[in-house]
Amino acid sequence: MHTSAIPMRRLSFILMMLLATAWSCKTEVTATDNCGDQFIDPGETCDGAELGGATCRGLGFYQTDGQVRCGADCQLDTSGCGTARCGDDTIQTDFGENCEGENLGGASCVTLGYATGSLSCDAATCRFDLSGCVATADCGNGVIQAGEQCDGQNLDGQTCASLGYHGGNLLCTGGCQLDTTDCIAVGRCGDARIQADFNEVCDGANLAGQSCTGLGYHGGTLACASDCTLDPADCIAVGRCGDGGIQAEFGEACDGANLGGETCETLGFHGGTLACTTGCLLDQASCVAAGRCGDGSIQAEFGEACDGANLGGDTCETLGYYGGTITCTSDCLQDRASCVAAGRCGDGVIQAGQGETCDGTNLGGQTCALQGFWGGSLSCADCVMGSAGCLRATRVAGGEEHTCALDQFGQAWCWGSRTAGALGDGALSGMALQPVAVDMPPGVTFSELCAGVNFSCALDAAGAAWCWGSNSSGQLGTGDPWGASIPMAVAMTPGVSFVAIGCGNYHTCALDSVGRISCWGSNAYGTLGDGTQVAKDTPQLLTVPSTFTHLTVGPHHNCAITDTGDLFCWGYNNSHQITHENTGPVLTPEHVETPDSRAALAVDAGWSFTCVALDGSNNLYCKGYNMNGQLGNGTTVSPQLTFTMTVMPSGTVTADVTAGDAFACARTSAGAVHCWGVDQEGQTGDGSPDSYHTTPRRVSTNPVDKTFTTVRAGANHACALDAAGLIWCWGDGSLGQVGNGYDFPWPAPSRVLPPTL
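A brief structural summary. Given the structure is predicted, the values throughout are model-derived calculations rather than measurements.

1. With respect to the sheet that holds strand β39 (residues 673-678)
Okay, so step 1: Pairing within the open sheet is antiparallel, and its four strands lie in the order β37-β38-β39-β40. The open sheet has two edge strands, β37 (654-659) and β40 (692-698), and neither has a second partner. Direction aside, the axes of adjacent strands within the sheet are offset by 15° on average.
Okay, so step 2: Examined bridge by bridge, strand β38 (residues 663-668) and β39 share five bridges and lie antiparallel to one another.

Shown next as structure tokens:
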């Protein structure tokens, strides 16, 4: 069932009348609107059974026996009244209607028998209103009378234009009515035809196919204004690209200068200028040119270290790690967690499996002292531990019952017997089982040193000599008879600078910078080489026309090598250790013939024997006393009046030789040390003490192929330096001269303990 529509003008009139009646009769008024309270409140046309007196007849319906009801919304329901009534736009002839509004059913004043006039419809009754019709007229007299619109040429001032047409020729019919035929042909706004020549773009419902979407709007209903121009108000309400407003629901991301607050940076780019396209989409071209994390390119200037799969060529290995896989985080930073887990040099963790021995400050608990050095600081470079900063020895010298050494800073250290102040630390007795510091002269550093029987000597950086300990024969060279427990300056000739120094049992000799030799101390066997056997307490210059480059000082005889490789010796000669012609002392340097006159490279003097290393292969020879096999020639035939070849291992070349009281050692060019002779105190260092060995035996080391840079013999012990500057000693240690903390013999090389600091 539906509710019939009532013409608004008539229905409004009727309802007003009904409501006025109802309100005038009402004795009670509610304070507020309440549909259903049986009172007709403002805005209501009824309320429940209260219809305000409305009936189908009263509302103008022809079905008068119908019934008006009140709807749930307190509005009248006229569906029971039927549909026929005046004002329904249909001419109901059955109910006496002639017309409906503007619909005259084709009738006019003339068709109704009038001469002229204007016929209309009575809105209340739907019957003809004849008041405008003229029964008789005098059309054609040129005067516009009642019912006439014009008369002949008299158009009452009207034209097509005044009637709203765009143009044309307005005429007057023979019935004195306006003839707009030519006006209509030209057209007007409202005729549903679009006259583009007269700036019409639409006409009524005729929009020439145009729509809101056709005009670029997202939607809405396009209308035609009364002046035949488009009315896009509803389109505008929906919006379009270009209106400055962002219609996100229609896919717009921006509109003109309105970017919705976005910038290249808010979109994650590093820079650039964001723009809006004509299609209201963001133009990120400038942003893209600036780059962003995630574009696959690494913008290092913006802190990116990678981008996606682009790691810039980096791998864990190229970054110094031992393994792992780099990944790139969402913010374009390298995630090296996997690399870190694999480790690298520099992470503070020692990866021994990768060959690291340290890492940064992590030295694995190691110190210079634990590695056998005398102190100092270990370093770590490229995760390899370095001992360059450790206190190490650069020189070593063996005496009768003590040993001395120099470190890389020129400090002297001694150990063993302190008798007569031999250690230079101020003490006159006792012993030191490990190195103690020599009480150095203020501001002085030493470059060379030697050790004898209870005394020691050294050279400072300027070439001046210093000695300390026993001075029983003037061996300190100070010009007085007093011994010294700390270094004292030797009374040198002004202008002389020594470059090498050697200590015998009770005398001292030194080589100066111009190749001359000076000696002082005991001269019982002509050991000073000055042609006498009188002791001297200051240096005595030897008068030899040769220039020397090498000097060795034995217990009682000495040898030197000239710049041409010639060998000279002087002093004690009881076993032909100098000359075979006799056994008397040699008071001045005497030339000693070498096998095949080969040039001497190195020489050393033992108690009563001499050993020399010559140029070429099979180059080690010795002569003199040999009861303990100290000549190393495989026999104990003694004495040997001339040089015999020491049986060194085949293929070796002797680079240096050193001699003790009754044993000797040689260092090969490969750094191996071999010793021979008396072995009762372990002097040969082979780990198996015996009475003696007549041929060289390699000292026992761990590892077995350990090499050395220097070897020096004392009376009954020997010491050698390795490449790291560590000192290894063996032999007689009864007074601590081996320096390993013990006071008994040591049959194989033992590392000297760090100093007592």
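After that view of the structure, there is still more to cover.
2. Observations regarding the pairing of strand β27 (residues 517-521)
Okay, so step 1: Burial analysis of β27 places five of its five residues in the buried class, which makes it a mostly covered element.
Okay, so step 2: The alternating pattern of β27 places Ile517, Cys519 and Gly521 and Ser518 and Trp520 on opposite faces, both of which are buried.
Okay, so step 3: Across five bridges, the pairing between strand β26 (residues 507-512) and β27 is antiparallel. Bridge assignment links His507 to a residue of β27, and that residue is Gly521.
Okay, so step 4: Taking the residues that link successive antiparallel strands as the turn, the β26-β27 hairpin has four residues, and the phi of Gly515 there is positive, at about 85°.
Okay, so step 5: With three bridges joining them, β27 and strand β28 (residues 536-541) adopt antiparallel strand pairing.

3. Describing the layout of surface pockets
Okay, so step 1: The calculated volume of the largest pocket comes to roughly 800 Å³.
Okay, so step 2: What lines the largest pocket is a set of 44 residues, among which Cys450, Ile501, Gly502, Thr552 and Arg712 lie closest to the centre.
Okay, so step 3: Put simply, the parts of the chain that give the lining of the largest pocket at least two residues each are β17 (393-398), β21 (446-451), β25 (498-503), β29 (548-553), β33 (600-605), β37 and β41 (710-713).
Okay, so step 4: Of the residues assigned to the lining of the largest pocket, the class counts are 22 nonpolar, 15 polar and seven charged.

4. Comments concerning the nonpolar core
Most often, soluble globular proteins keep nonpolar side chains buried together rather than apart.
Okay, so step 1: Core analysis: the largest hydrophobic core is formed by 25 residues, its most contacted members being Ile517, Cys519, Leu551, Leu567, Trp570 and Val612.
Okay, so step 2: Breaking this core down by element, the ones donating at least two residues are β26, β27, β29, β30 (557-562), β31 (567-571), β32 (586-592), β33 and β34 (609-614).
Okay, so step 3: Counting residues per element, this core draws most heavily on β31, which supplies four residues.
Okay, so step 4: Leaving out residues up to four positions away in the same chain, Ile517 has contacts with Cys509, Ala510, Leu511, Gln540, Leu541, Leu542, Phe548, Leu551, Ala560 and Trp570.

5. Observations regarding the pairing of β21
Okay, so step 1: Summarising the sheet, β21 and strand β22 (residues 455-460) pair through five bridges and their orientation is antiparallel. Note on β22: the bridge partner recorded for Cys450 is Cys457.
Okay, so step 2: Counted along the chain from β21 to the antiparallel partner β22, the turn is three residues long, and its residue Asn454 has a positive phi close to 60°.

6. So, the sheet that holds β31
Okay, so step 1: Taken in spatial order, the four strands make up an open sheet running β29-β30-β31-β32, and their pairing is antiparallel. The outermost strands of the open sheet, each flanked by one partner alone, are β29 and β32. The mean inter-strand angle of the sheet, taken between neighbouring strand axes irrespective of direction, is 20°.

7. Concerning the pattern of salt bridges
Okay, so step 1: A complete count under the given rule lists nine salt bridges for this structure.
Okay, so step 2: A salt bridge links Lys536 to Asp530; the nearest nitrogen and oxygen atoms lie 3.0 Å apart.
Okay, so step 3: Note on Asp530: relative accessible area 24%, which makes it partly exposed.
Okay, so step 4: For Asp656, the salt bridge is made with Arg712, and the minimal N-O distance between the two is 2.8 Å. With Asp656 in strand β37 and Arg712 in strand β41, this pair connects stretches of sequence that are 56 residues apart.
Okay, so step 5: Residue classification places Asp656 among the buried residues on the basis of a relative accessible area of 11%.
Okay, so step 6: The partly exposed category is assigned to Arg712, whose relative accessible area is 31%.

Cut-off values and rules
- Throughout this description, residue numbers start from 1 for each chain and increase along the sequence as written.
- Under the rules for a predicted model, residues below a pLDDT of 70 receive no local features and side-chain atom pairs below 80 are neither given nor counted, while totals for whole chains, interfaces and linings still include all residues.
- Only hydrogens and water are removed before side-chain values are computed, so all heavy atoms of the structure are retained for them.
- One requirement defines pairing of two strands: DSSP has to find at least two bridges between them.
- Each helix corresponds to a stretch of at least 4 residues labelled H or I by DSSP, and each strand to a stretch of at least 2 residues labelled E; elements are numbered beginning at the N terminus.
- To get an axis, a line is fitted to the C-alpha atoms, and for a helix only the part in contact is used. The angle between two axes follows their N-to-C directions and goes from 0 to 180 degrees.
- Exposure categories follow from relative accessible area, calculated using a 1.4 Å probe and restricted to protein chains: below 20% of the type maximum is buried, above 50% is exposed, and the middle band is partly exposed.
- The distinction between a cavity and a pocket rests on a 1 Å grid over the protein atoms alone: a 1.4 Å probe fits inside a cavity but cannot get out, while a pocket stays open yet meets protein on both sides within 12 Å along at least five of seven lines, and a residue with an atom within 4 Å of a point counts as lining.
- Grid points are joined across faces, edges and corners, and a volume is the space filled by probe spheres set on the points.
- Basically, the charged four are Asp, Glu, Lys and Arg, the nonpolar ten are Ala, Val, Leu, Ile, Met, Phe, Trp, Tyr, Cys and Pro, and anything else, Gly included, counts as polar.
- What is meant by a nonpolar core is a set of buried Ala, Val, Leu, Ile, Met, Phe, Trp, Tyr and Cys residues, joined one to another through side-chain atoms within 4.5 Å.
- Contacts are assigned to residue pairs that have any heavy atoms within 4.5 Å of one another.
- Note on definitions: salt bridges are taken to be side-chain nitrogens of Lys or Arg within 4 Å of carboxyl oxygens of Asp or Glu.

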